[in-house]
Amino acid sequence: MESDNRRLKVSFIGMIVFLIGCFLVSMGVGSVDISVRDIIKSLANPGDVYMGKIIISIRLPRIIGAIVLGGALSVSGFLLQIFFGNPIAGPYVLGISSSAKLFVALSMVVLLGTGINISSLVMVVAAFIGSLLAMAVVMVLSQRVRNMSLLVVCGVMIGYICSAITEFVVTFADDTNIVNLHNWSLGSFSGISMEHVFVSFVIVSIAIVFTIIFSKPIGAFLLGENYARNMGVNIKRVRIILILLSSILSATVTAFAGPISFVGIAVPHIMRGIMKTAKPLVMVPACFLGGAIITLLCDCIARTAFAPTEISISAVTSVFLAPVVIYLLVARREVSRG
């Protein structure tokens, strides 16, 4: 027990230190390379207009957004895997992110097309509605489709349909602000503002706090519905909590950064391997830190690998995390055969 606690402490400290290192590296690299000394100087006293604009107005919101939203996406995936009892469940694979993206795009078309500016909260609400609808469809399918691999395929098809409709909306939009949604629709932290960061931070923080508060009944649910009932857990309430929390987290991510692939599936498994436990009280902060690190690294690669051209973050996460998902599918099939 003492060795396990020591391993957890070392793992958390290591991830925090690594995240700080990734933060400084991401702040320094780009079209203009900035030293760590200049970064600290600019953050402490943003008097230099040129340097302050690069660091404070452009890179800082983007990096903090990647940390907050990447962590939220990973926790959302962890909760969905508990809800469906499926190791490859996630917002992107089940079509939840794509449905949220569709509703955000439609909201922008309707409001911006009539000259009404869309606020951050409206974007989150639209994405939340889309997430809930996708969850409802997947839940209905799960009652009819008992094979979890087939359920994932159905989720992927839902995602393709929603993405296709979104592409039509973005392509044939007249307003220039809507046309610029193309990068967002592919997944990107480009253009995220401090207002977006503040709103997302508040929503994600509240959702994470509630997840930790309900970690005990969620942990019992993880061990099976019969076990949870014997422990006096209200199964219906836990299901509703899992749906709402995972939908809020994935909706917030999609509203501000678009769909980001495979982070919500792969990171929880990576964290289980590092932490050697599936307890929600440990896994929730671990998934948040792991998701923040991986998303921040992938975003750094997306904007620097082919600079000045920027690629979508989903392209990077797919390259690095899709093999993890493939491995999970193969391993699951081997276990079922055995």
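Residues numbered from 1 in each chain as written. Predicted model: local features only at pLDDT ≥ 70, side-chain atom pairs only at ≥ 80, totals over all residues. Heavy atoms only, no water.

### Notes on the overall build of the protein chain
Okay, step 1: Counting its secondary structure elements, the protein chain contains 15 helices and zero strands.
Okay, step 2: For the protein chain, with 338 residues in total, the buried portion stands at 51%.
Okay, step 3: Roughly 16300 Å² of accessible area belongs to the protein chain as shown, and the carbon and sulfur atoms make up 68% of that amount. (Helix = DSSP H or I, 4+ residues; strand = E, 2+ residues; numbered from the N terminus. Buried < 20%, exposed > 50% of the residue type's maximum accessible area, 1.4 Å probe, protein only. Areas by Shrake-Rupley, 256 points an atom, 1.4 Å probe, with all protein chains shown as cover.)

### Digging into the nonpolar core
Okay, step 1: Residues Leu79, Phe84, Leu242, Leu249 and Ile260 are the most contacted members of the largest nonpolar core, which totals 101 residues.
Okay, step 2: Here the element with the most residues in this core is helix H3 (residues 49-84); it accounts for 17 residues.
Okay, step 3: Contact partners of Leu79, with chain neighbours within four places excluded, come to Thr211, Ile218, Leu242, Leu245, Ser246 and Leu249. (Core = buried A, V, L, I, M, F, W, Y, C linked by side-chain atoms within 4.5 Å. Contact = heavy atoms within 4.5 Å.)

### A short note on the packing of helix H9 (residues 194-213) against helix H14 (residues 280-304)
Okay, step 1: In contact at an axis separation of 9 Å, H9 and H14 are set at 155° when each is read in the N-to-C sense. Here H9 is positioned roughly antiparallel relative to H14, judged by the angle of their axes. On H14, the residues touching Val204, Ile208, Thr211 and Ile212 of H9 are Leu281, Val284 and Phe288.
Okay, step 2: Of the residues belonging to the contact of H9 with H14, the class tally is six nonpolar, one polar and no charged. (Axes fitted to C-alpha atoms, helices over the stretch in contact; angles between N-to-C directions. Parallel < 35°, antiparallel > 145°, perpendicular 65-115°, else oblique. Nonpolar A, V, L, I, M, F, W, Y, C, P; charged D, E, K, R; others polar.)

### Focus on the environment of Ala100
Okay, step 1: Assignment of secondary structure puts Ala100 in helix H4 (residues 96-113).
Okay, step 2: Note on Ala100: relative accessible area 0%, which makes it buried.
Okay, step 3: With residues up to four places along the chain from it excluded, the contact list for Ala100 reads Ala127, Gly130, Ser131 and Thr254.

### Focus on the pattern of salt bridges
Okay, step 1: The tally for this structure, following the rule as stated, stands at four salt bridges.
Okay, step 2: Arg62 is paired through a salt bridge with Asp299; the nearest N and O atoms lie 2.9 Å apart. Here Arg62 is found in helix H3, whereas its partner Asp299 is found in helix H14, with 237 residues between them in sequence. Residues Arg62 and Asp299 agree in their burial class; the two are buried.
Okay, step 3: For Glu225, the salt bridge identified is with Arg239, shortest N-O distance 2.5 Å. One end of the pair, Glu225, is in helix H11 (residues 225-230); the other, Arg239, is in helix H12 (residues 235-257), and 14 residues separate them in sequence.
Okay, step 4: Taking the relative accessible area as the measure of exposure, Glu225 reaches 27% and is therefore partly exposed. (Salt bridge = Lys/Arg side-chain N within 4 Å of Asp/Glu carboxyl O.)

In short, geometric facts, not functional conclusions.
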